[in-house]
Amino acid sequence: MSTMFAVRAHTRGGPEQLVYEQAPRPEPGPGEVLVAVKAASMTADELTWPETWTYTPDGSGPERTPVIPSHEFSGVVAATGAGVDSPAVGEAVYGLIPFAQNGAAAEYVTLPADVVAAKPGTVDHDHAAALPLAALSAWEALREHAGLREGQHVLVLGGGGGVGMYVVQLAAALGAQVSATASAADLEFVEGLGAEQAVDYASPNLSDHVRDVDVIVDAAGAAAQAQAWPVLKQGGILVAIAAPPDEAEAARRGARSAYFVVKPDRAALASIAQLVDDGRVRPVLDRVLPLAETRAGYEALEHGRRRGKIVIHVAD
């Protein structure tokens, strides 16, 4: 069996369990592609998710250690399994790997062919790998749950965060009026992403700055939601990514609410790639590390301030 270099955890835990080592190279099964990984990116709290360590989203079933983290990737199709017509060998692709499968902190990864999309052509693999989870979360929140229409007013809670920065960009690209909360240090950055108004989240009364909102996307948490309810129009919707919304509060205000966990989506990735190639959405990278330093990247996610994704550069 051929081998590859990968970062794996043999026991549940945090970054201290991650080891850079040789591992068996996977082979694509029916309906799968084998991707030669060029870059991958990591997500905060990924090592705490139940599906990181088991075969099911709820964490039930047997352990599947050793596991490989980092479920966002960009690379080149190296082989295809039975029944796969697209993508073709040699095609540059990017995507989000289902969470109950091994990730892309490795030289090769296998995943279902139907969740892979053509990589944006105007950015390199490092930048493409920064997109899938955060940009798909933003797309799903705005398009699927909020049903965003051009001209509507969107408030993004946590507009400078990993997901929030893509909600701001996508909402602006889709023709919305965008307001956002952020830290004082991020206000100018968030306005540069497309927000017409950026408000310091430490402001005591959000309604002094923002009102008549059609869609709230929460990427900040329950405390931010509590402050935001009064600015939402009757009949509007609060879509939560960071924490489940207060359904009773939504009903009391004649509004709607939704909460979701992002899923792989080939069609959405294709739309996002087009927006990137059109110059309307840009990936944001905090730093790029070699595969052998993946553990240091996960340690950095637990400590200190950052802006954008920590990306693993696997191969040129």
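See the structure printed just above.
Just so it is clear, the structure is predicted and the values come from calculations on it, not from any experiment.

J.: So what exactly am I meant to see when it comes to the overall build of the protein chain here?
T.: Along the backbone of the protein chain there are nine helices and 15 strands. A globule of 316 residues ought to have a C-alpha radius of gyration of about 20 Å, and the protein chain, at 20 Å, matches this closely. In terms of its C-alpha atoms, the protein chain occupies a principal-axis envelope of roughly 65 × 40 × 35 Å. When the 316 residues of the protein chain are sorted by exposure, 54% land in the buried category.

J.: Looking at this model, I keep getting lost on the packing of helix 3 (residues 132-145) against helix 8 (residues 266-277). Mind explaining?
T.: The relative placement of two packed helices comes down to the angle between their axes together with the axis-to-axis distance. With their axes 10 Å apart at the nearest point, helix 3 and helix 8 run at an angle of 100° to one another. Relative to helix 8, the element helix 3 is oriented roughly perpendicular. Two secondary-structure elements touch here, helix 3 through Pro132, Ala135, Leu136 and Trp139 and helix 8 through Ala268, Leu269, Ser271, Ile272 and Leu275.

J.: Would you explain the side chain of Thr54 in this entry?
T.: Secondary-structure assignment places Thr54 in the loop between helix 1 (50-53) and strand 4 (72-80). Here Pro50 takes part through its backbone oxygen, which lies 3.2 Å from a polar atom of the side chain of Thr54. Among the polar contacts made by the side chain of Thr54, one reaches the main-chain carbonyl oxygen of Thr56 at a distance of 3.3 Å. If near-sequence neighbours (up to four positions away) are discounted, Thr54 is found in contact with Arg12, Gly59, Ser60, Gly61, Pro62, Glu63, Arg64 and Ala100.

J.: How should the packing of aromatic side chains be read in this particular structure?
T.: Applying the stated rule across the entire model yields two aromatic pairs. On the numbers, 5.3 Å between centres and 15° between planes, the contact of Phe5 with Tyr20 is stacked. Here Phe5, found in strand 1 (residues 3-9), pairs with Tyr20, found in strand 2 (residues 18-24); they are 15 residues apart in sequence, far enough to count as distant. Tyr20 gets classed as partly exposed once you look at its relative accessible area, which sits at 39%. The interplanar angle of 70° and the centroid separation of 5.0 Å between the aromatic rings of Trp49 and Phe99 together place this pair among those described as edge-to-face. In this pair, Trp49 sits in the loop between strand 3 (32-41) and helix 1 while Phe99 sits in the loop between strand 5 (92-96) and strand 6 (108-112), placing the two residues 50 residues apart along the sequence. Here Trp49 and Phe99 have matching classes, each one buried. Taking NZ or CZ as reference, Arg25 lies 4.9 Å from the ring centre of Tyr108, over its face. The ring of Phe189 carries Arg307 above its face, with NZ or CZ at 4.2 Å from the centroid.

J.: Explanation requested: the nonpolar core in the structure shown.
T.: Where a protein is soluble and globular, its nonpolar side chains tend to be buried together. If you look at the biggest cluster of nonpolar residues, it comprises 53 residues, and the most contacted ones within it are Leu142, Val154, Tyr166, Val168 and Val190. With eight residues, the top contributor of residues to this core is helix 3. If you look at the next biggest cluster of nonpolar residues, it comprises 36 residues, including Met42, Ala106, Val109 and Ile312.

J.: Looking at this structure, how should I read the environment of Ala128?
T.: In this structure, Ala128 sits in helix 2 (residues 125-129). Considered as a pair, Ala128 and Asp208 are 80 residues apart in the sequence and their alpha carbons are 38 Å apart.

J.: Even after reading the chapter, I still don't get helix 9 (residues 294-302), so can you show me in this structure?
T.: Every α-helix winds through 3.6 residues per turn, so residues three or four apart in the chain are directed the same way. Inspection of helix 9 places Thr294, Gly297, Tyr298, Ala300 and Leu301 among the buried residues, and these make up the whole buried set. End-on view of helix 9: buried residues confined to an arc of 155°, all on one side of the axis.

J.: How should I be thinking about the pairing of strand 15 (residues 309-313) in this particular structure?
T.: A regular strand places its side chains on the two faces of the sheet in alternate fashion. Counted residue by residue, strand 15 has four buried out of five residues, so it is predominantly covered. In the sheet, strand 3 pairs with strand 15 via three bridges, with the strands oriented antiparallel. Paired with Ala39 across the strands is His313, a residue of strand 15. The pairing of strand 14 (residues 285-290) with strand 15 spans five bridges and is classified as parallel. Across the sheet, Leu289 pairs through a bridge with Ile312, a residue of strand 15.

About the criteria used
Residues numbered from 1 in each chain as written. Predicted model: local features only at pLDDT ≥ 70, side-chain atom pairs only at ≥ 80, totals over all residues. Heavy atoms only, no water. Helix = DSSP H or I, 4+ residues; strand = E, 2+ residues; numbered from the N terminus. Rg over C-alpha atoms; globule rule 2.2 N^0.38 Å. Buried < 20%, exposed > 50% of the residue type's maximum accessible area, 1.4 Å probe, protein only. Axes fitted to C-alpha atoms, helices over the stretch in contact; angles between N-to-C directions. Parallel < 35°, antiparallel > 145°, perpendicular 65-115°, else oblique. Contact = heavy atoms within 4.5 Å. Polar contact = N/O pair within 3.5 Å; in protein donor to acceptor, adjacent residues only side chain to side chain. Phe/Tyr/Trp six-rings, centres within 6.5 Å; stacked < 30°, edge-to-face > 60°. Lys NZ or Arg CZ within 6 Å of the ring centre and 35° of its normal. Core = buried A, V, L, I, M, F, W, Y, C linked by side-chain atoms within 4.5 Å. Arc of directions from axis to C-beta. Pairing = 2+ DSSP bridges.

Shape descriptors only; they carry no functional weight alone.
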